[in-house]
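Chain and residue survey
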Amino acid sequence: MGRTILVTGASRGIGRAVALHHARTEQAQVILLGRDAEALAETVAGVRQAGGQPVPHVCDVRDLSDLRALAPKLPPLDGLVAAAGIGGVTPVEGAPEADERFREILDVDLVGPWNTVRAFLPNLGKGGRIVLVSSVLGRFGVPGYGAYCAAKHGLLGLTKALALELMPKGIFVNAVAPGWVDTAMAAEGIEGMAQAMGLTPEQACRKAEAVVPVERFFQPEEAA
């Protein structure tokens, strides 16, 4: 049997791809965390079919107390991948709803990884690996995406701090900042970017592809 890996955001997108990757390549035991029970069940089936051992838990990374209550019930972890995330447009001159969405994005995309590390760090021993999933938008800005860019920039800073803090324990912390990845959230992002910039979705897609070296969207499996 392979390692035991905990993955947040395992219901879909990069999180699901990470879970399937570890199931397929090392028959890992994969602790699957997500908010959408129905989508999480699909990941469970995929992990099992790929040769892994799925252990699903429906929970919200914004709820630190819930995560901490779960931690003692889990086995020792070899790795932790914080892939849970949401997107959305938060224009600074937007309607009042933009304020609520701004806080929600930061809570999931930045506070969520912090909560995840806080809760499950006791399950990681020497040689453990933590990977926080940032984004290419953690390196530059996009009009109308203040919350998402702020969260993903912040995640890189958090990674650098945690890497130095946990290195003496033999736990290694890294971030990945993929370019545009072909997920449902990215499709929503392109729609929002198009509206914010006065472009068609096709024009926004081409503009998004132009700012990454490979000039195309990645597939979730590539990120995994």
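Only a predicted model underlies this, so the values are computations on that prediction, with no experimental measurement involved. (Residues numbered from 1 in each chain as written. Predicted model: local features only at pLDDT ≥ 70, side-chain atom pairs only at ≥ 80, totals over all residues. Heavy atoms only, no water.)

1. Notes on the pattern of salt bridges
Basically, it comes down to this: Only one rule defines a salt bridge in this text: a Lys or Arg side-chain nitrogen within 4 Å of an Asp or Glu carboxyl oxygen. Numbering of helices and strands starts at the N terminus; helices are DSSP runs of H or I of at least 4 residues and strands are runs of E of at least 2. Relative accessible area decides the class of each residue, using a 1.4 Å probe on protein chains only: under 20% of the type maximum gives buried, over 50% gives exposed, and in between gives partly exposed.
As enumerated under the stated definition, the model contains seven salt bridges in all. Note that Arg35 is salt-bridged to Asp60, the shortest N-O span being 3.8 Å. Pair noted here: Arg35 is in the loop between β2 (29-34) and α2 (37-49) and Asp60 is in the loop between β3 (53-58) and α3 (64-70), with a separation of 25 residues, a long-range link. According to the relative accessible area criterion, Arg35 is partly exposed, its value standing at 44%. A relative accessible area of 19% places Asp60 in the buried class. A salt bridge links Arg62 to Glu104, with the shortest nitrogen-to-oxygen separation between them at 3.9 Å.

2. A closer look at the sheet that holds strand β4 (residues 77-82)
Which entries qualify depends on this criterion: Two strands qualify as a pair provided DSSP detects at least 2 bridges between them. Only the stretch in contact is used when a helix axis is fitted, and all axes are lines through C-alpha atoms; the angle between N-to-C directions ranges over 0 to 180 degrees. Between two residues, a contact is recorded if the distance between any of their heavy atoms is within 4.5 Å.
Pairing is parallel in the open sheet, where six strands are placed in the order β3-β2-β1-β4-β5-β6. Both outer strands of the open sheet, β3 and β6 (172-176), are each paired with one neighbouring strand and no more. The average angle at which neighbouring strand axes cross in this sheet is 15°, direction not considered. The pairing of β2 with β3 spans six bridges and is parallel. In the sheet register, Gly34 faces β3, and the bridge partner there is Val58. Of the strands in this sheet, β1 (4-8), β2, β4 and β5 (124-133) are in contact with helix α1 (residues 13-26), which crosses β1 at around 165°.

3. Topic: the side chain of Thr159
Heads up, the condition is: Here a polar contact means two N or O atoms within 3.5 Å. Within protein one must be a hydrogen donor candidate and the other an acceptor candidate, and residues neighboring in sequence count only if both atoms are side-chain atoms.
Checked against the element boundaries, Thr159 lands in helix α5 (residues 146-166). Within the structure, the side chain of Thr159 is placed 2.8 Å from the backbone oxygen of Leu155, a separation counted as a polar contact. If sequence neighbours within four positions are ignored, Thr159 has contacts with Leu132, Val173, Asn174 and Ala175.

4. Focus: a nonpolar patch on the surface
Rules: Each patch is built from residues lacking any salt bridge and having more than 30% relative accessible area; the joining distance is 9 Å for like charges and 5 Å for nonpolar side chains (Val, Leu, Ile, Met, Phe, Trp, Tyr). Surface accessibility follows the Shrake-Rupley procedure with a 1.4 Å probe radius. Residue values consider only the protein chains on display as shielding.
On the surface, Leu164, Met167 and Phe172 cluster together into a nonpolar patch covering about 320 Å² of accessible area. Examined against the element boundaries, Phe172 turns out to sit in strand β6. Relative accessible area serves as the criterion here: at 35%, Phe172 is assigned to the partly exposed category.

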